[in-house]
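# Analysis of the macromolecular model
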4 protein chains.
Amino acid sequence: MRLLVLKQCVWIDDGSPITVGFLGLGIMGSPMALNLIKTGCDVTVWNRTKSKCDPLISMGAKYKPSPEEVTAACDVTFAMLADPESAMEVACGKHGAVSGMGPGKGYVDVSTVDGGTSKLISGHIKASGASFLEAPVSGSKKPAEDGQLIFLTAGDKSLYETVTPFLDIMGKSRFYLGEVGNGAAMKLIVNMIMGSMMATFSEGLLLSEKVGLDPNVLVEVVSKGAISAPMYAMKGPSMVKSLYPTAFPLKHQQKDMRLALGLAESVSQPTPISAAANELYKVAKSHGLSDSDFSAVIEALKGKVQS
Amino acid sequence: MRLLVLKQCVWIDDGSPITVGFLGLGIMGSPMALNLIKTGCDVTVWNRTKSKCDPLISMGAKYKPSPEEVTAACDVTFAMLADPESAMEVACGKHGAVSGMGPGKGYVDVSTVDGGTSKLISGHIKASGASFLEAPVSGSKKPAEDGQLIFLTAGDKSLYETVTPFLDIMGKSRFYLGEVGNGAAMKLIVNMIMGSMMATFSEGLLLSEKVGLDPNVLVEVVSKGAISAPMYAMKGPSMVKSLYPTAFPLKHQQKDMRLALGLAESVSQPTPISAAANELYKVAKSHGLSDSDFSAVIEALKGKVQS
Amino acid sequence: MRLLVLKQCVWIDDGSPITVGFLGLGIMGSPMALNLIKTGCDVTVWNRTKSKCDPLISMGAKYKPSPEEVTAACDVTFAMLADPESAMEVACGKHGAVSGMGPGKGYVDVSTVDGGTSKLISGHIKASGASFLEAPVSGSKKPAEDGQLIFLTAGDKSLYETVTPFLDIMGKSRFYLGEVGNGAAMKLIVNMIMGSMMATFSEGLLLSEKVGLDPNVLVEVVSKGAISAPMYAMKGPSMVKSLYPTAFPLKHQQKDMRLALGLAESVSQPTPISAAANELYKVAKSHGLSDSDFSAVIEALKGKVQS
Amino acid sequence: MRLLVLKQCVWIDDGSPITVGFLGLGIMGSPMALNLIKTGCDVTVWNRTKSKCDPLISMGAKYKPSPEEVTAACDVTFAMLADPESAMEVACGKHGAVSGMGPGKGYVDVSTVDGGTSKLISGHIKASGASFLEAPVSGSKKPAEDGQLIFLTAGDKSLYETVTPFLDIMGKSRFYLGEVGNGAAMKLIVNMIMGSMMATFSEGLLLSEKVGLDPNVLVEVVSKGAISAPMYAMKGPSMVKSLYPTAFPLKHQQKDMRLALGLAESVSQPTPISAAANELYKVAKSHGLSDSDFSAVIEALKGKVQS
């Protein structure tokens, strides 16, 4: 089935394939780059810790020892860093990506950063004459491996069109949202809804248990109807067992709620549900659950253990 | 494909088919009874306004002029009434269903009533020696027509087993939840989660619009990921247009939130998200939106029109 | 100073003083009746447990062995019972107050009951030809002893005028609010505001402590400015020490919040702050604090103890 | 009575009086400086718009044309600026206060600024060898005129002791809260409580009206009991008439709620009541009420006008 995708590979006018750089090979970056390599793309990788590059090199990837050398060698470079600080450093630091950029090249930042950071990086990249696209992803490790990510892109439209085949190899959906900052905003709003949904689901699970209904049955009933969401089916069974193996850390969910509330404040949009949900994530944090999965927010609604 | 279902039809030991009564032929009752008739079941109908029985009679249904005569004539009788008062009246009023019940017969109330009403009706039915099952449905007009309802049943287990084939003709899922009252409780909890989800989705739609993102794109992004719920895809596009064609009236959603909050109070379960959502439904009611679809709750989050 | 009040004593046309009955001599009733006796009023008392009458008898009160005999012997009878059930029983039960009532007499219920119970008692009293006044009090033990209660009255205006001198002996303020039920409603609203104020004060105390400020200083700062309320000065110092000696039980505050929210629902008035506060009282209840003072709601905002 | 205060005037060891500078003569600064002058203090004033200095000069104040010249000439200088930006500019800008400071001098910033700004100004002042005290005030125009302000001070303890007599002339209470930033934090917490109290009071007023009770009577009932706060008596009557003459602008109250919520976030303290109240202030802002008094938050709880 991957053969079909192979057809999407991209050649520029002179008949040579578009060369692709990939910076950052963590939990998300490695499987994303691997999917590009498997499809036959010409990929050059870099990672702060070189050893993480080895598996990809053995699969056919080229290697360069700095972001600058990767962008100098490639037509288009993707960057997947862990946080805004790393994204800034890799793009604009010493021997950073910007130093190798120039007219005709493109930089696609698929890291999740705030709108401000994204605009800063965009400014530096474009000052070199290159194009910029922010493209934060919705989806975690498994969708990354399966090429099922969702890209929320914004920035240079022509670059978006150029990299479309690559986005389609790594993901199942992509959205172009206009000016830089819009991708970050869309992602915050989606995560805000997600946070409130998890909090209300928690209320339902605990209420069902308290009135003598099996919460596992609630999970099943919910899965059959109009409010069925994959997240409920995925997280519900372990929540019932008070287990919260971390896929998306609670402290990150709370941070996104906070940033979304700030966004809402900035445009005077009332969001009472999200505000109430945010308080629950804060309670969960004060219970020491920052590094648990965000589904641990259910603990905030439980009474203290009897003495 | 309905042929497969036909095989599930039910005969009692002496070789004769189980006779089925159906009381109440409104928006939900008519298509439910019709699905039974189409599958070849022996169905006797009654409705307060007789004319609503005619289409079913023309499809092969028998008719009796009172609930009492229906239950006297049938092994098992289903009742689908609009509200607790009608459910009580049809079951326990003059010439009501109870008068025709007795040992060996069964009464299945698929109306949505509160736990208290359900227990009252159950008490009267069982005093006659018959069996009782509460079985409120999750799903509205379209699922009723398509035989895709979800039954949340509680009461006599043996009656549940007897009517299983009929439930499977009218619905796609069924749950047996124990003692009478549990079906009503489960439905309230599901609707509580639904109400909060709709409120948080409304926040997201308005926030996206305020920050300059197309809310239709948010609907689409949501539809691709872990928080995708059929309800969002179904209601989102019309909410963006400020249209709320009534499928589930807002006043009923608010009533269910209120009852669910009462249930939570009774067991001291905190439900801050649902409490905040309930306030939004109250705001929407005070805006004159009681009879609009419950998705009109989004209006509660909009600023007043400038004067 | 009580001499001034003495002047307000009341005589009817024939020159004889109005005789006063008092039913219920608990924490509130005893000091209230005592204040009437000290002022020279002609008081006849009754209490379910007779021994509680003895101190008042030694101060000059008369005694009758049933509510019926008290109301038969007195022009006006006050009733101060613990809850709606007791209020009903004493008024309308066997040998209850109603049996001794009749034209020309008055019954003043100073218990805190819901509007429904108040209307029921009113109906029975008025059917006897007598007058009725509901007059729940705002204030607890200390104000009762000091004659500093606030009466929120509703019902027969002429009876209100007749008993004004007695209300002024027992209290410092009185309000006439129209038809029966309005006194109960006013009291619920006042208690709703009080409940939210206590919850927000709790947030401030804990936040000040968390950021390294002395919460006792916050109590003092608050006491100097526009938001100074006697309740904060009274409860703050013990809240800082996590002590909650019961003056008004938390479960009663939560019940009043719930009833007030119900009242708001009935008129579609949004009350998001009270709804959020109610959830905190529920959390406190689930922590086993029902019988603590309502200021223990602050515990609902504390993180769980680290394990 | 002011004569008593006169006695508090301050002389340094050599027998000469402490000279006082005052920067910023707006709504608050003018009456504050005037009170110092009336008490016989040696006051030198400066204001961006010189004309505002004239009334004070006519009362005996000296004048200097820049903050630098004021601080160079005085032992202790007070600054009352409108916002953080002005406070920074006047202290650290060209010809700003810092340029005239040095060992033995003191700078008291009575403006309301955030903790961060306060720490910045403190850093610059102390680098000159001078002492610094942050001293935001609680109270508005009237208390400023009446010498009834409350000072929430933090910073150099010895400077606090030196200026005590001046604080006592301008205010009725003063608190020393430790390190710089604590004064700002205390003020935010007080305003957070105030914002929630106003929101809950609004709920009560509207609910009383909806159930047929006179909201003016609620104002009066509240004024008699344990929850009586001067703010309720002051604002209630005009709120009932839907009038909101601006004493404290709603947008400033909302900003303080937002900053207080941020403070709470930073220490993981749940504050669900304040979060819910903040949403109401946001609704009021979206109704165009930013510049009305903060009591206009009540409008956020009213249904839309019927069409």
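The structure presented is a predicted model; accordingly, all values stated were derived computationally and were not measured.

Rules behind the numbers
- In every chain, residue numbers begin from 1 and rise along the written sequence.
- Throughout, the order in which chains and ligands are written sets their labels, letters from A for the former and numbers from 1 for the latter.
- The model is predicted, so local features are restricted to residues of pLDDT at least 70 and side-chain atom pairs to those at 80 or more, both for listing and for counting; the totals for chains, interfaces and linings are taken over all residues.
- As a rule here, side-chain values cover all heavy atoms of the structure and leave hydrogens and water aside.
- A run of H or I in DSSP counts as a helix once it spans at least four residues, and a run of E counts as a strand once it spans at least two, with each numbered from the N terminus.
- Exposure categories follow from relative accessible area, calculated using a 1.4 Å probe and restricted to protein chains: below 20% of the type maximum is buried, above 50% is exposed, and the middle band is partly exposed.
- Note on definitions: a residue-residue contact is assigned when non-hydrogen atoms from the two residues lie within 4.5 Å.
- In this document the domain limits rely on a domain assignment from an automatic tool or a database.
- Here the quantity called buried area is the total loss of accessible area, with a 1.4 Å probe, experienced by two parts when brought into contact, counted for both.
- By salt bridge we mean one thing: a side-chain nitrogen of Lys or Arg within 4 Å of a carboxyl oxygen of Asp or Glu.
- UniProt positions are given in the numbering used here, feature names are shortened, and annotations may be inferred rather than shown by experiment.
- Per residue, pLDDT captures the predictor's confidence, and it can take any value from 0 to 100.
- The span expected for a helix works out to 1.5 Å for each residue beyond the first.
- What the bend at a residue measures is the angle between two axes, fitted to the seven residues ending there and to the seven starting there.
- Any two strands with at least two DSSP bridges between them are considered paired.
- Here the term right-handed applies to a crossover when the path leading from its first strand over the helix to its second strand runs clockwise, the strands being oriented away from the viewer.
- Here the copies are matched by least squares. The fit uses the C-alpha atoms of residues with pLDDT of at least 70 in both.
- Only Phe, Tyr and Trp rings take part, Trp by its six-membered ring, and two of them pair if their centres are within 6.5 Å. Stacked means planes under 30 degrees apart, edge-to-face means over 60, and tilted covers everything else.

### Observations concerning the environment of Ser140 of chain A
Residue and element names in this part refer to chain A.
- Here Ser140 lies in the loop between strand 7 (137-138) and helix 8 (141-145).
- Of the residues examined, Ser140 reaches a relative accessible area of 35% and is grouped as partly exposed.
- Separated by 107 residues in the primary sequence, Ser140 and Ala247 have C-alpha atoms spaced 7.5 Å apart.
- Excluding its chain neighbours within four sequence positions, the residues that come into contact with Ser140 are Met28 and Leu149.

### Description of the domain arrangement of chain A
- Annotation of chain A at the domain level lists domain 1 (2-178) and domain 2 (185-301).
- Between the C-alpha centres of domain 1 of chain A and domain 2 of chain A there is a distance of 31 Å.

### A word on the interface of chain B and chain A
- Between chain B and chain A, the residue contacts involve 58 residues of the former and 58 residues of the latter.
- Of the roughly 4900 Å² buried where chain B meets chain A, counting both sides, 77% is carbon and sulfur surface.
- A per-residue breakdown of the area chain B buries against chain A is headed by Leu207, Ile227 and Ile273 of chain B, which together make up 14% of the total.
- Summed over the shared surface of chain B and chain A, the result is zero salt bridges.

### Points about the UniProt feature "active site" (unreviewed entry) in chain A
Residues and elements named next belong to chain A.
- The UniProt record annotates "active site" (unreviewed entry) at Lys187.
- Here Lys187 is to be found in helix 10 (residues 182-210).
- Setting aside residues up to four positions removed in sequence, Lys187 forms contacts with Thr112, Pro136, Val137 and Leu152.

### Details of the confidence of the model for chain A
- Taken residue by residue, chain A gives an average pLDDT of 91. The fraction at 70 or more is 94%.
- In this model residues 1-8 of chain A is a low-confidence stretch, pLDDT under 50, and it forms nine contacts with partners more than four residues away in sequence or in other chains.

### Details of helix 9 (residues 157-170) of chain A
Residue and element names in this part refer to chain A.
- Compared with the 20 Å implied by 1.5 Å per residue over 14 residues, the 19 Å span of helix 9 between its first and last C-alpha is a close match.
- If you look at helix 9, its biggest bend is around 55°, right at Val163, and the proline Pro165 turns up within four residues after that.
- Taken as a whole, helix 9 has its buried residues at Leu159, Tyr160, Val163, Thr164, Pro165, Phe166, Leu167, Ile169 and Met170.

### Focus on the pairing of strand 6 (residues 131-134) of chain D
Residues and elements named next belong to chain D.
- As paired strands, strand 5 (residues 106-109) and strand 6 are joined by four bridges and run parallel to one another. Note that in strand 6 the partner of Tyr107 across the bridge is Phe132.
- Traced from strand 5 through helix 7 (residues 115-127) to strand 6, the parallel crossover comes out right-handed.
- Relative to strand 8 (residues 149-155), strand 6 runs antiparallel, the two being bridged by two bridges. Among the inter-strand pairings, Leu133 is bridged to a residue of strand 8, identified as Gly155.

### What to know about the UniProt feature "domain: 3-hydroxyisobutyrate dehydrogenase-like NAD-binding" (unreviewed entry) in chain A
- UniProt's entry tags residues 181-300 of chain A with the feature "domain: 3-hydroxyisobutyrate dehydrogenase-like NAD-binding" (unreviewed entry), counted in the numbering of this structure.
- Summarising residues 181-300 of chain A: 68% helix, 0% strand, and an end-to-end C-alpha distance of 33 Å.

### Points about the relation of the copies chain B and chain A
- Mapping chain B onto chain A calls for a rotation angle of 180° and an axial translation of 0.0 Å; the resulting RMSD is 0.2 Å. Classification of the inter-copy transformation places it as that of a two-fold axis. Using C-alpha coordinates, one finds that chain B approaches the rotation axis most closely at Ala229 of chain B, a distance of 2.3 Å.
- When you check the interface residues of chain B against chain A, 100% turn up at the interface there too, and the contact is symmetric in its surfaces.

### Concerning the environment of Lys94 of chain B
Residue and element names in this part refer to chain B.
- Along the polypeptide, Lys94 turns up in the loop between helix 5 (84-92) and helix 6 (97-100).
- Lys94 sits in the exposed class, given a relative accessible area of 74%.
- Along the sequence, Lys94 and Ser66 sit 28 residues apart, while their C-alpha atoms lie 9.4 Å from each other.

### Here we look at helix 13 (residues 250-266) of chain A
- Taking 1.5 Å of rise per residue, 17 residues should cover 24 Å, and helix 13 of chain A covers 24 Å from first to last C-alpha, within 8% of that figure.
- Within helix 13 of chain A, the full set of buried residues consists of Leu250, Gln253, Gln254, Asp256, Met257, Ala260, Leu261, Leu263, Ala264 and Glu265 of chain A.
- Among the structural elements, helix 10 and helix 14 (272-286) of chain A, helix 10 (182-210) of chain B together with helix 13 (250-266) and helix 14 (272-286) of chain D are those in contact with the buried residues of helix 13 of chain A.
- A positive phi of about 55° marks Ser268 of chain A, the residue just after helix 13 of chain A.

### Examining the packing of aromatic side chains
- The full count for this structure, using the stated rule, is 24 aromatic pairs over all chains.
- When the ring of Phe201 of chain A is compared with that of Tyr232 of chain A, the centres are 4.1 Å apart and the planes differ by 20°; the resulting orientation is stacked. Highlighted residues: Phe201 of chain A in helix 10 and Tyr232 of chain A in helix 12 (residues 230-240), separated in sequence by 31 residues.
- Take Tyr232 of chain A: its relative accessible area is 2%, and that puts it in the buried class.
- With a centroid separation of 5.2 Å and an interplanar angle of 35°, the aromatic rings of Tyr160 of chain D and Tyr176 of chain D are classed as tilted. Of this pair, Tyr160 of chain D sits in helix 9 (residues 157-170) while Tyr176 of chain D is found in strand 9 (residues 171-176), placing the two residues 16 residues apart along the sequence.
- Members of the aromatic cluster, connected to one another through ring pairs, are Phe22, Phe78 and Phe166 of chain A.

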